[in-house]
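Architecture at a glance
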Amino acid sequence: MDPAKLLEEISKDFGLSLESCNDIRRLEEIRTDYLGRKGKLNLVLKDIPSFAPEERKEVGSRANLLKDDFSIRLDALKFELEKKLKSETTGSLDVTLPGVEPGIGTRHPLTLTINRICDIFVSLGFEIAEGPEIESEFYNFEALNIPLDHPSRDAFDTFYVKGKYVLRSHTSNVQIRLMEKNEPPVQAIMPGRVYRPDAVDASHSFMFHQVEGLLVSETVRFSDLKGILMNFCKSMFGPDIKMRMRPHFFPFTEPSVEVDISCANCAGVGCRVCSGNGWLEILGAGMVNPKVFEAVKYDTSKYRGFAFGMGVERIAMLLYGIEDIRLFYENDVRFLRQFA
Ligand code: DAH
């Protein structure tokens, strides 16, 4: 056959084959049939020496052009077929299958404890206030009547930031900020994080939580403090809990006490949890020292107040029977999931 005609025929056949091709496996067969080593175009090229000399060049370049053309058309069709295949697979997705359920978190035991403490005090008429964790020495110490030579101001007991700033070592700073902004009566609780450079062990952490309390009015008395705290202890730990106050010293309250509750683990008999003495210290409290009122320019002849501060971790550990404070901060979901 005339080689030019032969090429034309091949080209026409190729077109027809492509037209009827609708899967990739068939497409690769066509590619081999036409472009493979023993494919139709190569067979023509192999025959070139047998053609008349004036035809050789013409047939050679025509066959090579067809090679490029076929290859391009095969690739284009392959792309289309792959695209179609992809949309078909997506289209066959079973929409009735259940979706992937996102894991819903649980509240952290410290959050639960803070919320419980706040709920109890809110039910007694307290408002909730917050203050900064990076605090000036004035609010963290001076205004609270903590002198420069007090051990808590030592660099071993407080994290110092640049200048006259510290990471607050207690939530008592918020008392000052609150009183500066508000005239009495003031009645608020102040939850938040506090920081101390303590070595971490089963009962110490360099960061922990406190809830501060403050009530200022013209008539409040120590017996009110006792009543409120008694109410709190029973709401928190149950009606059978006992509470006691021991004299103590805090620069910002006078008189001051430490408050213990009877050990819920052994009902006051003495066990490992309470180190054998039947009582557990849960907070510090007292009547606001007039020096604190002077710092916020309250009339000390007119107003009196009580204040208290409790450690949240301690209370959460008693409440849930947790023996190691580090569990609160490790984010182990096996621990956290238990507090749904
Ligand atoms: N700020 C004290 C502490 O961190 C706790 C405290 C004790 C707060 C007595 C008070 C208070 O408001 O009256 O150890």
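Once that is clear, we can look at the nonpolar core. By size, the foremost hydrophobic cluster in this structure holds 45 residues, and its most contacted members are Ile117, Phe121, Phe232, Phe306, Phe308 and Met310. Listing elements by their share of this core, those giving two or more residues are helix H5 (109–123), strand E5 (207–217), helix H8 (222–237), strand E7 (253–262), strand E8 (279–288), strand E9 (304–311), helix H10 (312–320) and helix H11 (333–336). No other element matches H8, which puts seven residues into this core. Residues within four places of Met310 in sequence aside, it is in contact with Ile117, Phe121, His209, Gln210, Val211, Phe232, Ile282, Leu283 and Ile315. One finds Ala129, Ile146, Val216 and Phe250 within the second-largest nonpolar core, a separate group that totals 25 residues.

Quick look at helix H2 (residues 24–35) now. With 12 residues, H2 extends 16 Å between its outermost C-alpha atoms, agreeing within 8% with the 16 Å of an ideal straight helix rising 1.5 Å per residue. Along H2, the positions that sit buried rather than exposed are Leu27, Ile30, Arg31 and Tyr34. Down the axis of H2, the buried set is contained in an arc of 105 degrees. They therefore lie on one face. Exposed residues lying more than 90 degrees from the buried face of H2 are Arg25 and Thr32. Looking at where H2 begins, the residue whose side-chain oxygen comes 3.0 Å from the main-chain nitrogen of Arg25 is Asp23.

The next subject is the sheet that holds E5. Ordered by their spatial adjacency, seven strands build an open sheet running E1-E4-E5-E9-E8-E7-E6, and the pairing between neighbours is mixed. The outermost strands of the open sheet, each flanked by one partner alone, are strand E1 (127–128) and strand E6 (243–250). As paired strands, E8 and E9 are joined by five bridges and run antiparallel to one another. If you follow Ala285 over to E9, its bridge partner there is Phe308. Running at roughly 165 degrees to strand E4 (residues 186–195), H5 makes contact with E1, E4, E5 and E9 of the sheet.

Moving on to the domain arrangement of the chain. Each assigned domain of the chain is listed here: domain 1 (3–90) and domain 2 (109–339). Taking only C-alpha atoms into account, the centre of domain 1 sits 85 Å from that of domain 2.

On to the packing of aromatic side chains, then. Evaluated as defined, the whole model comprises 15 aromatic pairs. Centre to centre, the rings of Tyr34 and Phe70 are 5.7 Å apart; their planes meet at 85 degrees, and the pair counts as edge-to-face. In this pair, Tyr34 sits in helix H2 while Phe70 sits in helix H4 (residues 53–91), placing the two residues 36 residues apart along the sequence. Here Tyr34 matches Phe70 in class, with each residue buried.

Rules and cut-offs
- Residues numbered from 1 in each chain as written.
- Predicted model: local features only at pLDDT ≥ 70, side-chain atom pairs only at ≥ 80, totals over all residues.
- Heavy atoms only, no water.
- Core = buried A, V, L, I, M, F, W, Y, C linked by side-chain atoms within 4.5 Å.
- Buried < 20%, exposed > 50% of the residue type's maximum accessible area, 1.4 Å probe, protein only.
- Helix = DSSP H or I, 4+ residues; strand = E, 2+ residues; numbered from the N terminus.
- Contact = heavy atoms within 4.5 Å.
- Expected span 1.5 Å × (residues − 1).
- Arc of directions from axis to C-beta.
- Polar contact = N/O pair within 3.5 Å; in protein donor to acceptor, adjacent residues only side chain to side chain.
- Pairing = 2+ DSSP bridges.
- Axes fitted to C-alpha atoms, helices over the stretch in contact; angles between N-to-C directions.
- Domains from an automatic or database assignment.
- Phe/Tyr/Trp six-rings, centres within 6.5 Å; stacked < 30°, edge-to-face > 60°.

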